[in-house]
Structure formats: C-alpha cells, structure tokens
Amino acid sequence: MKYSIALIPGDGIGPDVIREAQATLEATGTVFGHSFSFVSVPMGGVAIDATGEALPASSLAACKAADAVLLGAVGGPAWDHLAGARRPEAGLLGLRAGLGVYANLRPARMFPALSAACPLRPEIVASGLDLLIVRELTGGIYFGDRGRSADGESAWDTETYSRSEIRRLLTVGFDAAMKRKRRLCVVDKANILESSRLWRETAKAMAANWPKVELSFMYVDNCAMQLVRNPGQFDVIATSNMFGDILSDEASMITGSIGMLASASLGDSGPGLYEPIHGSAPDIAGQDKANPLAAILSAAMLLRYSLKLEAEASAIERAVVSVLEQGYRTSDIATGAAGETLAGTRTMGALVVKAIKESGK
Ligand code: IPM
Ligand code: MG
C-alpha cells in the first residue's frame, strides 16, 4: 500500500529525531512492501521565522490531506518573547484543534533493559510499569477564555468542559481499559473544581456500558504522589488536558527518561497526530545527542492507529527493544553500567533501522 505522511520536524531537536523516525518508517516499508510519501510541513518557530505564523493555513491543509502526521517538537527561547497567541506552542494547539484530535494516548511502559534508568527504588517497580494516560487534548484550560485586566495587575485562564467533550474522551479511556487490564482511573480535582465534578458525574453515568471495567477516581495531587509511591497500581488514567500534561511528564521519568515516551492523538475521523511527549531541548539541538526513540516509537503508534499496520508497528517496537538489549544508550538513558555503549541520535536511529531489516516481517 501507499501512504502519505506529513512530517513536522519543528524546532530544536525536532528535526534530529524526525529524521530517524522517518528512516525507521522507510525501513518498515521496505520490509513489508509499503511505500510512504513524505511531505515536510513547517510549523512552530521555523514557520514563524519563514512566514510570521506558527501554523500557516497551508500547513494545516497539508496535514489534513495526509494519512497521518508525525511531529518532532516546537518552541524555544528564540520565540519566548512573543505574545501567547503568536508563540510556536499556539501553532501546536491550533494543529491539535484543527485536526480534532481530542484523545491523546500516552503509554508509559518500562523497558526491562532500562530498569536501571528508573529513578525509583527497584522494589517499587519490581512488578514493572505499564500504564496508559488518556489525556483530553482539545479542551479545558488550554483552550478556555484567558486574559488580563485593564490595569495588567491580574490575569485569568479558565477551565471549561462540556459533558460531550468529557464523554468522548472517557469513551476512549473505557475502550482502552477493555483492551488492557480493565482498570480505569479518572484523575481530577473534584474536591475543588466544578468541571471535575462534571467529569465524575459523566464517568459514573457511563460506567454501566463497560461493566467489566473497574472504574475509580483519584485527586490529581494524590495521583502525582501515587505515581512515585506505587506506579504499578495504574492501568489506564483518563484526565483533563492540563493534568494529563503534568502527569505524563512524571510518568515518563519513571520509565527512565522523557526521551522514551511516544504519543498518539486521535479524533473521530481524519489523520492522527503522533509526537514524542518531550520538548524541543534547544540546548542539544543539532548535536547528535537527542534520544530518537520517543519519535521512533511515535512512528510505531502511527502505523498501529492510523494505518492499522499492527505487525509493522510491532516490528519497530521489537527493534527498539533489541537495540536497548544490546546495550546501546543515548546519554539520557545511560547509567554508566557495564555493557552499555553510548550512542548518538544518528547511531541509535541506524541501529533501529538495522534491527528492523534483520528481523524481517
Ligand atoms: C506536551 C507539551 C505541549 C503541551 C506544549 C509544547 C504546548 O508539553 O505535548 O506535553 O503542553 O501540550
Ligand atoms: Mg507536556
């Protein structure tokens, strides 16, 4: 089959990691007999520099026309002086909203080969770590009314959720739980926030449709604590845009490094958006230091969710496991233990490509 992929390298280390993710997609295509056509789309700081806009209309149109979108990272100090609505990050929010990708799946899995990179004591993660954060992505405080008072002395950002926004996100959460260990924890701040109380009410009303899923609720502050106390208790966490942003960074670190976590953002129709959860790390951009595995694993999610190519997705994931088991480490996941070999971005990508080609279908 022939597939079209929109690539958004973006800023900082984005181009470094997208180059390697593209190479793994090409290798997978060679092995499985698919061809990918890639179109490079400007978005973020690079687009601001070239056109004055973080998300030019032509970029959104190119993404909508593709089968899936793979994004590196956006933002950096060069654009920090810009007003909120003109920043690179606003382009990313515009893209998420424009594609209607309201459900952001962020799996946090600990690769056994990386257990030494986990900052928690070994007995805390003895049973491994494999959880999925389902983050609402196109609503809440990220998109609510915000502003400054006339005198500039106060500012506000508002969290608004409609029942239908909550319901469609929780549907993804319940369905995901059915395919996993059948436990769904809705994380909120229902002791304070009215919007959180609507999340709880909606979840309880939906629970009867998924009788096999064990539904629980947790306050976000407790969840942040439980994630380091006993992360093995979680299966699927469903939560709002901002809580999901924060908790997924925390969960990623438990797996060893934020450089390992991939994500898929899905809507009801149209192309999905795939991105590593890490940022643009401008301090190491272009230096062959970035860990490309989160972007490579995002490419695997792209194959799985948008193109329905499960065997191809697994081939990439197996290749990543094999490279890690051979001891190769970018600096973010290196511990200095015997048997480790430090590798740069390009070497890591090339090793994954080699493993895909060697293991075949
Ligand atoms: C993420 C990032 C983004 C977010 C930023 C870059 C806007 O932190 O994808 O987690 O907050 O959603
Ligand atoms: Mg984040």
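Quick caveat, the model's predicted, so the values are computed rather than measured.

Turning our eyes to something else, we now look at empty space enclosed by the protein. Within this structure, the stated rule accounts for one cavity of 30 Å³ or more. Approximately 50 Å³ is the volume found for the largest cavity. Forming the walls of the largest cavity are Glu159, Val187, Asp188, Leu193, Ser195, Ser196, Trp199, Thr239, Ser240 and Phe243. At the level of elements, β8 (183-188) and α6 (194-206) are the ones that each hand at least two residues to the lining of the largest cavity. Here the lining of the largest cavity is built from residues that sort into four nonpolar, four polar and two charged.

Here we come to the packing of aromatic side chains. Applying the stated criterion across every chain yields a total of four aromatic pairs. For the ring pair phenylalanine 174 and tryptophan 210, a centre distance of 4.5 Å and an interplane angle of 10 degrees mean the geometry is stacked. Taken together, the positions of phenylalanine 174 in helix α5 (residues 163-178) and tryptophan 210 in the loop between α6 and β9 (214-219) put the pair 36 residues apart, joining distant regions of the chain. The pair formed by phenylalanine 174 and tryptophan 210 is uniform in burial state, with each residue classed as buried.

With that out of the way, let us pick up the domain arrangement of the chain. Its domain assignment divides the chain into domain 1 (1-101 + 271-361) and domain 2 (119-254). Between the C-alpha centres of domain 1 and domain 2 the distance comes to 25 Å. Between domain 1 and domain 2, the buried area comes to about 590 Å², and carbon and sulfur atoms account for 72% of it. Counting across the interface, domain 1 meets domain 2 through zero salt bridges. The tally of links from domain 1 across to domain 2 stands at zero residue pairs in polar contact (both at pLDDT 80 or more). Among the residues forming the side of domain 1 that touches domain 2, the class breakdown is four nonpolar, no polar and one charged.

Criteria and thresholds
Residues numbered from 1 in each chain as written. Chains lettered and ligands numbered in written order. Predicted model: local features only at pLDDT ≥ 70, side-chain atom pairs only at ≥ 80, totals over all residues. Heavy atoms only, no water. 1 Å grid on protein atoms, 1.4 Å probe; cavity = no way out; pocket = protein on both sides within 12 Å on 5 of 7 lines; lining within 4 Å. Points joined across faces, edges and corners; volume = space filled by probe spheres on them. Helix = DSSP H or I, 4+ residues; strand = E, 2+ residues; numbered from the N terminus. Nonpolar A, V, L, I, M, F, W, Y, C, P; charged D, E, K, R; others polar. Phe/Tyr/Trp six-rings, centres within 6.5 Å; stacked < 30°, edge-to-face > 60°. Buried < 20%, exposed > 50% of the residue type's maximum accessible area, 1.4 Å probe, protein only. Domains from an automatic or database assignment. Buried area = accessible area lost by both parts, 1.4 Å probe. Salt bridge = Lys/Arg side-chain N within 4 Å of Asp/Glu carboxyl O. Polar contact = N/O pair within 3.5 Å; in protein donor to acceptor, adjacent residues only side chain to side chain.

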